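Single-letter residue listing:
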Amino acid sequence: MGAEFVVIGRGLMGTACARHLAEAGCRVVLVGPDEPSDPARHNGPFGSFHDAGRITRNIAHDPVWARLSTRSLARYREIEARTGIWFYTPCGGLMAGLDHGAMAGFTAGFHETPRALGLVHERLEGARLSERFAMFDLPEGSKGVFDPAGGHIDPRAMRRAHEALALAAGAEVVAEAAVGREGGTVILADGRSLSAEHVVVATGGWASAAPLGMARPAMRVFQRTVVLAEISETEAARLGDTPSLIWVPENDPTDRYLLPPIRYPDGRIYVKIGGEDLSPEARDGEALNAWFRTAGGDEAGRSLLADLVKVMPDMRIERVLTAPCAVTFTKTGYPYIARVDAQATLLTGGNGAAAKCADELGRLGAVAALGGSVAAEGLGTDFAPVFD
Ligand SMILES: Cc1cc2nc3c(=O)[nH]c(=O)nc-3n(C[C@H](O)[C@H](O)[C@H](O)COP(=O)(O)OP(=O)(O)OC[C@H]3O[C@@H](n4cnc5c(N)ncnc54)[C@H](O)[C@@H]3O)c2cc1C
């Protein structure tokens, strides 16, 4: 008996969607390549979760994103307990910004949203902020909101946990890229084809860079760089109380984010920083794949390192690496989640913030694929896609 659903995209949203469809009793095939062991020799596609750290938090500047995160965060421990795969570190999440300048609205948003949604949070400014988080040297006048349930997740491990639940519910995994789709027929890179009653396209930035048999979703895909600053075991112990941080540097039109010391698969401990004002846009799938084969941008790397040294001036850095990634911004500022026709559903558009809420986004993708209304799920938006 053929599959009812083929989910293309074994990333954060696609794997969560496959989990929810399989647990709803559907016959599901999840399609997508493994993370490459040697990126420089991989043809692509890659993924925006190939990392050991992603910030998680309930608080946000926008109520839709806060609801998506809160619903997902509330299920982390259950997913961990059911799979024995641990991915959530609640070391606290701090957001800090200025109430003037280009990002004043952002600061007002992450102060107002937790209050309006009744989320547990703490407001700090002035001496209270600098004494409580002495590891950070934040701009004068910064206003902070602290989320005790915030912290970080290991996106690779969370994806593995979702896949384990999908497999336990009877799903199949095909570790291959899709190169074409016609209705319910999916063509794989190795020449095989799969057929299903319905296909979910959850290919992240590749959904617009290389659409699979549907109109091009209106999204901008930016080639990002992150800096990984290696620190010693002693320094990591000294910084043991460091929360995850999102802040607005002085006179800056955008925010930066920082992950506390995390042990990476190479056994070393890194503090990671990211967030760029300007980064190149990927014009197509090949350009995106080529970007992931690099070590990221030198100039962006230098500028991020300068920001890191400024906000954590006392941290002793042993070595600095840069790495590539990609973020996908939609026209609406929210992910696109919708049935686009009787045989296909679109689930994409992380806007640089979907790792923490991938479980809920995957669940909404399953609702849409099963013919339900995501607008009726109480998130505060209908996740309607916009096409080019
Ligand atoms: C540097 C960086 C830092 C970030 N930090 C945070 C953070 O701190 N907190 C947070 O919540 N979010 C963060 N994000 C955002 C988050 O990682 C993304 O929003 C999330 O990964 C998007 O999920 P996705 O499933 O849409 O895409 P992905 O996770 O990229 O998954 C897409 C999958 O589709 C596969 N695919 C593509 N084309 C095909 C094809 N033709 N056939 C088969 N498979 C295909 C890819 O290989 C990939 O596995 C960050 C992103 C970046 C780049």
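All values reported here derive from a predicted model rather than from experimental measurement.

Caption draft 1: Summary view of the overall build of the protein. Within the protein, the regular secondary structure consists of 11 helices and 19 strands. In terms of principal-axis extent, the alpha carbons of the protein reach across some 65 × 45 × 40 Å. Out of the 388 residues belonging to the protein, those deemed buried represent 57%. The contacts in the protein between residues at least 6 apart in sequence include a share of 73% that link residues at least 24 apart. As presented, the protein carries roughly 15800 Å² of accessible surface, and 51% of it is formed by carbon and sulfur atoms. The distance from the centre of the 39 positive side-chain charges to the centre of the 48 negative ones in the protein is 2 Å.

Caption draft 2: How the structure looks around the site of the ligand. In the vicinity of the ligand there are 34 residues, among which Phe46, Ser48, Ile55, Ala178 and Cys325 approach most closely. A distance of 2.8 Å separates an oxygen atom of the ligand from a polar backbone atom of serine 48. For the ligand, an oxygen atom lies 3.1 Å from a polar atom in the backbone of alanine 355. Elements that contribute at least two residues to the shell around the ligand include exactly helix H1 (12-23), strand E3 (54-56) and strand E17 (319-330). Here the element with the most residues in the shell around the ligand is E17; it accounts for 3 residues. Residues that form the shell around the ligand fall into these classes: 22 nonpolar, 9 polar and 3 charged. Summarising the domain contributions, the shell around the ligand has at least three residues from each of domain 1 (3-51 + 155-218 + 332-377) and domain 2 (70-154 + 220-330).

Caption draft 3: Layout of helix H2 (residues 63-73). Residues of H2 that are buried: Val64, Trp65, Ala66, Leu68, Ser69, Ser72 and Leu73. Tucked inside the fold, the buried residues of H2 contact E3, helix H3 (76-83), strand E4 (88-89), helix H4 (104-117) and helix H11 (358-369). The N-terminus of H2 is capped by aspartate 62, whose side-chain oxygen sits 2.7 Å from the backbone nitrogen of valine 64.

Caption draft 4: Geometry of the nonpolar core. Judged by nonpolar contacts, the single largest core of 35 residues is most densely connected at Leu21, Val28, Leu68, Ile337 and Phe383. At the level of secondary structure, the elements contributing two or more residues to this core comprise strand E1 (3-8), H1, strand E2 (28-31), H2 and H11. A total of 6 residues in this core trace back to one element, the largest contributor, which is H11. The contacts of valine 28, once residues within four sequence positions are left out, are Phe5, Val7, Ala18, Leu21, Ala22, Ala171 and Glu172. Judged by nonpolar contacts, the second largest core, of 25 residues, contains Met135, Leu258, Ile273 and Met315.

Caption draft 5: Highlighting the side chain of threonine 254. Structurally, threonine 254 can be placed in the loop between strand E14 (244-247) and strand E15 (256-263). You can call threonine 254 buried: its relative accessible area is 17%. A distance of 3.4 Å separates polar atoms of two side chains, one belonging to threonine 254 and the other to aspartate 255. With near-sequence residues (within four places) excluded, threonine 254 lies in contact with Met103, Val248, Pro249, Glu276 and Asp277.

Caption draft 6: Inspection of the domain arrangement of the protein at higher detail. According to the domain assignment, the protein contains domain 1 (3-51 + 155-218 + 332-377) and domain 2 (70-154 + 220-330). Placing a centre on the C-alpha atoms of domain 1 and another on those of domain 2 gives a separation of 26 Å. For the pairing of domain 1 and domain 2, the buried interface totals around 2900 Å² over both sides, and the portion due to carbon and sulfur atoms is 55%. Run the count over domain 1 and domain 2 and you get 5 salt bridges. Here arginine 75 ties to aspartate 359 by a salt bridge, and the two come within 2.5 Å at their closest N and O atoms. Our enumeration of links across domain 1 and domain 2 arrives at 24 residue pairs in polar contact (both at pLDDT 80 or more). Residue assignment for the side of domain 1 that touches domain 2 shows that the elements contributing at least two residues are H1, helix H6 (155-168), helix H7 (206-209) and H11. Looking at the side of domain 1 that touches domain 2 residue by residue, the class counts come to 18 nonpolar, 15 polar and 10 charged.

Caption draft 7: Region of the structure containing the side chain of threonine 56. Mapped onto the fold, threonine 56 is located in strand E3. Not counting chain neighbours up to four residues away, the residues in contact with threonine 56 comprise Leu73, Tyr76, Tyr88, Gly150, Gly151, His152, Ile153, Ser244 and Lys356.

Caption draft 8: Geometry of H4. The first and last C-alpha atoms of H4 sit 20 Å apart over 14 residues, in line with the 20 Å expected at 1.5 Å per residue. Listed in full, the buried residues belonging to H4 are Phe106, Thr107, Gly109, Phe110, His111, Thr113 and Pro114. Those residues of H4 that are buried are in contact with H2, strand E5 (93-97), strand E6 (122-125), strand E7 (143-147) and E14. Of the residues trailing H4, glycine 118 is marked for its positive phi of about 70°.

Conventions used here
Residues numbered from 1 in each chain as written. Predicted model: local features only at pLDDT ≥ 70, side-chain atom pairs only at ≥ 80, totals over all residues. Heavy atoms only, no water. Helix = DSSP H or I, 4+ residues; strand = E, 2+ residues; numbered from the N terminus. Buried < 20%, exposed > 50% of the residue type's maximum accessible area, 1.4 Å probe, protein only. Contact = heavy atoms within 4.5 Å. Areas by Shrake-Rupley, 256 points an atom, 1.4 Å probe, with all protein chains shown as cover. Lys, Arg positive; Asp, Glu negative; His and termini not counted. Charge placed at Lys NZ, Arg CZ, Asp CG, Glu CD. Near = heavy atom within 4 Å. Polar contact = N/O pair within 3.5 Å; in protein donor to acceptor, adjacent residues only side chain to side chain. Nonpolar A, V, L, I, M, F, W, Y, C, P; charged D, E, K, R; others polar. Domains from an automatic or database assignment. Core = buried A, V, L, I, M, F, W, Y, C linked by side-chain atoms within 4.5 Å. Buried area = accessible area lost by both parts, 1.4 Å probe. Salt bridge = Lys/Arg side-chain N within 4 Å of Asp/Glu carboxyl O. Expected span 1.5 Å × (residues − 1).

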